[in-house]
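One letter stands for each residue in the lines below.
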Amino acid sequence: MEKNPDLEKLQKLKAAIKKDVEKKQGKKFVEKSPEKKKITLSDELMKRLTYEKSVNIDLEKIFTVIDIEREYSEIKNYELVEYIRKNVQSVSDNAMKMNLEGLASLIDNDFESARKIYLNMVSENSKDYLFYNLLDAMFLGGDNVEKPLFEFVKKFPKSPYPYIMSVKISLTDNKKFANIARLIGIGLKMSQDENLMLFYHLMNRDFQSALKINTILYRKNSFKDFQNINRLIPYKMEKDLSSLRMNIDNLSKREKHHCLNQYLQLITKEKNKDRREENFTCPLSVFFKAKEHLVNGEEEKAKWYSEQLKRINDPFGKMITASMLYSENYKSAAYNIWFDLTKMYPNSLIMWIKNSKSEVKGLGIGAGIMDVSMEKMTSFSDLADFQAYMEKMLAVYSDFEISPYPFEEIRCFFGYRFCSRYYKLEEK
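Residues numbered from 1 in each chain as written. Predicted model: local features only at pLDDT ≥ 70, side-chain atom pairs only at ≥ 80, totals over all residues. Heavy atoms only, no water.

Asker: Would you take a moment to explain the packing of helix α17 (residues 283–295) against helix α19 (residues 315–327) for this structure?
Answerer: Two quantities define a packed helix pair, namely the angle between the helix axes and the distance between the axes. At a closest axis distance of 10 Å, the pairing of α17 and α19 adopts a crossing angle of 10 degrees. Classified by the interaxial angle, the pair formed by α17 and α19 is roughly parallel. Every residue of α19 that contacts α17 at L284, F287, A290, K291 and L294 is listed here: F316, M319, I320, S323 and M324. Residues that form the contact of α17 with α19 fall into these classes: 8 nonpolar, 1 polar and 1 charged. (Axes fitted to C-alpha atoms, helices over the stretch in contact; angles between N-to-C directions. Helix = DSSP H or I, 4+ residues; strand = E, 2+ residues; numbered from the N terminus. Parallel < 35°, antiparallel > 145°, perpendicular 65-115°, else oblique. Contact = heavy atoms within 4.5 Å. Nonpolar A, V, L, I, M, F, W, Y, C, P; charged D, E, K, R; others polar.)

Asker: Looking at this structure, I do not really get the sheet that holds strand β1 (residues 349–353). What am I missing?
Answerer: Strand pairing in a sheet relies on backbone hydrogen bonds, with the paired strands running either antiparallel or parallel. Pairing is antiparallel in the open sheet, where 3 strands are placed in the order β2-β1-β3. For this open sheet the edge positions go to β2 (373–376) and β3 (399–403), each flanked by a neighbour on one side alone. On average, each strand axis in the sheet is tilted by 20 degrees relative to the strand beside it, whichever way the strands run. With 5 bridges joining them, β1 and β3 adopt antiparallel strand pairing. (Pairing = 2+ DSSP bridges.)

Asker: I keep staring at the side chain of R231 and nothing clicks. Help me out?
Answerer: Considering the arrangement of structural elements, one finds R231 in helix α14 (residues 224–237). In this structure R231 is buried but unpaired, with D225 as the nearest side chain of opposite charge at 9.1 Å. Apart from the residues lying within four places of it in its own chain, the contact partners of R231 are L211, N214, Y218 and N247. (Buried < 20%, exposed > 50% of the residue type's maximum accessible area, 1.4 Å probe, protein only. Lys, Arg positive; Asp, Glu negative; His and termini not counted. Salt bridge = Lys/Arg side-chain N within 4 Å of Asp/Glu carboxyl O.)

Asker: So what exactly am I meant to see when it comes to the packing of aromatic side chains here?
Answerer: For the structure shown, the criterion picks out 34 aromatic pairs. Three or more aromatic residues link up through ring pairs in this structure, and these residues are Y326, Y335, W338, F339, W352, F380, F386, Y389, Y397 and F400. (Phe/Tyr/Trp six-rings, centres within 6.5 Å; stacked < 30°, edge-to-face > 60°.)

Asker: Is there a simple way to think about unusual backbone geometry in this case?
Answerer: Trans peptide bonds make up most of the peptide bonds, and negative phi angles are found at most residues other than glycine. Residue P406 follows Y405 across a cis peptide bond; omega there is -5 degrees. In this structure, P406 sits in the loop between β3 and α22 (407–422).

Asker: Sorry if this is basic, but what is going on with the side chain of S191 here?
Answerer: Examined against the element boundaries, S191 turns out to sit in the loop between α11 (180–190) and α12 (194–203). Once you skip the residues sitting within four places of it in the chain, S191 turns out to touch K158, S159, P160 and L196.

Have a look at this one:
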């Protein structure tokens with residue numbers, strides 16, 4: 001091999017420098033090997049690289065988003081979309097492949113693509129779940145689905161899907177929710193679907209029957225978080241306080257999905273420290289923010305959040321407004337709102353609180369479900385009678401809270417995937 005004179009010169013220079021350093025320092029010179037750079041990954045990238053380890057979905061059993069809530073409620077949206085798109089080719093049936101591709105678009109907020117997929121599919125394939133998915137894409141995309149929903153009920157009168165879709169839509173319309181029990185009753189004559197049965201018992205405040213259906217779902221290991229949510233108030237109303245306390249304690253300790261997290265705060269009044277991304281599109285989270293500002297004397301901020309809720313016809317926004325009016329001594333206006341709430345939600349419950357130290361009334365501040373007296377709200381046809389009843393009770397109790405039962409309980413059935421897509425809420 002030929003010698004490189006330039007390289008030899010460099011090596012001699014390096015040796016001379018090394019010898020000079022050793023002479024000055026009085027010790028042998030040790031060369032350090034180049035330091036390896038530590039590579040770090042963002043939390044989001046780490047989640048995306050590792051999601052396959054925790055996500056395992058039986059795609060053959062997924063027909064609608066309801067099936068996802070039944071089995072996989074805690075899985076994040078991006079995990080679902082990535083898993084479906086990566087594994088859809090493993091599904092043997094071509095129609096199921098197309099259905100799953102539509103669901104991936106639906107979960108990914110691409111309602112227009114989902115609508116196109118399902119419009120093509122329903123013209124060739126008469127399956128009830130495809131019509132459900134089509135209406136879901138249309139409804140979440142802002143289309144008027146009143147006529148298509150009527151056609152859906154006519155086409156599949158024995159399927160639970162059109163009635164479940166009716167319940168979902170009623171959550172966004174006070175007048176429809178007030179009458180939804182009657183439609184569910186019609187659906188149950190056609191289909192003995194357990195979810196419809198549970199909705200019906202909750203709407204009629206038949207707590208013993210609701211607990212029986214919950215037990216059936218528990219044995220099937222279906223809708224685990226929905227079960228947990230919907231057994232708590234029935235335990236209270238049936239005076240099974242040991243079961244209520246045990247369930248709250250167990251649920252508070254374990255990792256849980258968003259709706260259960262928020263619902264526990266609603267009924268226990270224990271502040272939830274969790275600030276997930278879902279909180280910004282969750283009406284209950286906005287309600288909690290409004291209450292927090294109201295308690296802190298920040299009326300303008302509380303009003304801003306309550307207006308967010310009133311814009312989407314959410315009952316919790318009306319509750320904040322009524323409480324503010326009552327505090328400002330506009331008591332007649334406050335009673336008028338509370339009276340309207342009992343009309344919009346005719347199966348409401350009321351919680352009476354003794355020895356409340358809160359100056360903010362009508363929101364049950366600081367009083368959890370274990371600390372209150374809960375009863376079915378009496379139905380009043382006249383505002384004056386309602387106000388007289390409330391004033392009589394407030395001579396005995398120091399505070400109260402009207403619960404628009406079972407509005408939030410049923411909304412939790414559809415999960416945060418519904419709220420994050422339908423409600424357009426802002427974070428101040």
